[in-house]
Amino acid sequence: MSMTQDELKLAVARAARDYVAAQLPAGGILGVGTGSTANFFIDELASIKDRIGGTVASSEATKKRLAGHGIRVLDLNDVGEMAIYVDGADEIDAGFAMIKGGGGALTREKIVAAVARTFVCICDASKLVATLGKFPLPLEVIPMARAHVAREVEKLGGTPALREGFVTDNGNLIIDVHGLAIADPQGLETQFNQIVGIVTNGLFARRGADVLLLGTPAGVKTSKR
Ligand code: 5RP
């Protein structure tokens, strides 16, 4: 019997909860990602909330869902150390570089990930790819830079598409870049970092995942970088 994508996400969310229960130091701080897989994880987290010192949310939606379960949410500026960050991905490669931002939360996700000691990526097997880029690469863009960024993206060989009717938690736009086959994720992340007007690009390669919990029909596979 084949498992649905939601069943795979639930299985991986439960594995992530068990990982946190085993690995988070007593009273430790947990970063929490955004998206449908992260939502399954948040719902599972409710059962171990007494073991967690506090959480930092990577989006307004995640903050609301955590608070709805009575899980304590902290401001990142009030946190010194974060042991673990758990989040999904749109694509992940064998070196644990990722494309993120399908939900538009990439900037806060990258900030929280930068603080965390261990990044645990949770996803179903459909997200594991040989080469990143089939999933359009999201860029969070300052509104006045929209046309400039689109022109720069074309120079890099990508096809930019404005995400219509979407505004990020930070009040910015998302441009999705189609048509990239990303041979060098760290290099391309650095190149996009140089374009003025882009707040954040969705390549998480320079700081990729450390642990991958991959939901497969044969069970959740855990791998470390
Ligand atoms: C949101 C993200 C998500 O992690 C990514 O889009 C995966 O989401 P889902 O679990 O719904 O497939 O980066 O900005």
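Located above this text is the structure these notes cover.
Residues numbered from 1 in each chain as written. Predicted model: local features only at pLDDT ≥ 70, side-chain atom pairs only at ≥ 80, totals over all residues. Heavy atoms only, no water.

Engineer: How would you summarise the site of the ligand if you had to cite specific residues and measurements?
Structural biologist: Contacts to the ligand come from 16 residues, most closely from Ser36, Thr37, Asp90, Gly101 and Lys127. Thr37 has a polar side-chain atom sitting 2.5 Å from an oxygen atom of the ligand. Starting from 380 Å² of accessible surface for the ligand in isolation, the protein chains cover 91%. Residues belonging to the shell around the ligand are distributed by class as follows: two nonpolar, nine polar and five charged. (Near = heavy atom within 4 Å. Polar contact = N/O pair within 3.5 Å; in protein donor to acceptor, adjacent residues only side chain to side chain. Areas by Shrake-Rupley, 256 points an atom, 1.4 Å probe, with all protein chains shown as cover. Nonpolar A, V, L, I, M, F, W, Y, C, P; charged D, E, K, R; others polar.)

Engineer: Explain the packing of aromatic side chains to me, and be specific about the residues and the numbers.
Structural biologist: Tallying each qualifying case throughout the model produces one aromatic pair. Seen from their ring centres, Tyr85 and Phe119 are 5.1 Å apart, and the 85° between their planes marks the pair as edge-to-face. Here the residue Tyr85 occupies a position in strand 3 (residues 82-87), and Phe119 occupies one in strand 6 (residues 116-124), the gap between them amounting to 34 residues. Directly above the ring of Phe204 sits Lys100, whose terminal nitrogen or CZ lies 5.6 Å from the centroid. Note that Lys110 overlies the ring of Phe204, its terminal NZ or CZ placed 5.1 Å from the centroid. (Phe/Tyr/Trp six-rings, centres within 6.5 Å; stacked < 30°, edge-to-face > 60°. Helix = DSSP H or I, 4+ residues; strand = E, 2+ residues; numbered from the N terminus. Lys NZ or Arg CZ within 6 Å of the ring centre and 35° of its normal.)

Engineer: Describe helix 1 (residues 5-23), listing the residues and the values that go with them.
Structural biologist: Turn by turn, an α-helix covers 3.6 residues, leaving residues three or four places apart pointing in a common direction. Between its first and last C-alpha, helix 1 extends 26 Å over 19 residues, near the 27 Å set by a 1.5 Å rise per residue. Taken together, the buried positions of helix 1 are Leu8, Lys9, Val12, Ala13, Ala16, Arg17, Tyr19 and Val20. In this fold, the buried residues of helix 1 make contact with strand 1 (29-32), helix 2 (36-45), strand 3, strand 6, strand 12 (211-216) and strand 13 (219-224). (Expected span 1.5 Å × (residues − 1). Buried < 20%, exposed > 50% of the residue type's maximum accessible area, 1.4 Å probe, protein only. Contact = heavy atoms within 4.5 Å.)

Engineer: Now, about the pattern of salt bridges: what can you tell me, with residues and values included?
Structural biologist: Counted according to the given criterion, the structure contains 14 salt bridges. The shortest N-O distance in the salt bridge between Glu60 and Lys63 comes to 3.4 Å. Residue Glu60 and its partner Lys63 are both found in helix 3 (residues 60-68); the two are separated by three residues, about one turn of the helix. The exposure class of Lys63 is partly exposed, given its relative accessible area of 35%. (Salt bridge = Lys/Arg side-chain N within 4 Å of Asp/Glu carboxyl O.)

Engineer: Mind laying out the nonpolar core, listing which residues take part and the relevant values?
Structural biologist: Ranked by size, the top nonpolar core spans 23 residues in total, and within it Leu30, Phe41, Leu45 and Val86 carry the most contacts. Those elements that provide at least two residues to this core are helix 1, strand 1, helix 2, strand 3, strand 6 and strand 12. Considering every element that reaches this core, the biggest residue donor is helix 1, with five residues. Dropping the residues within four chain positions of it, Phe41 is found in contact with Ala13, Ala16, Arg17, Val20, Leu30, Val32, Val86 and Ile122. (Core = buried A, V, L, I, M, F, W, Y, C linked by side-chain atoms within 4.5 Å.)

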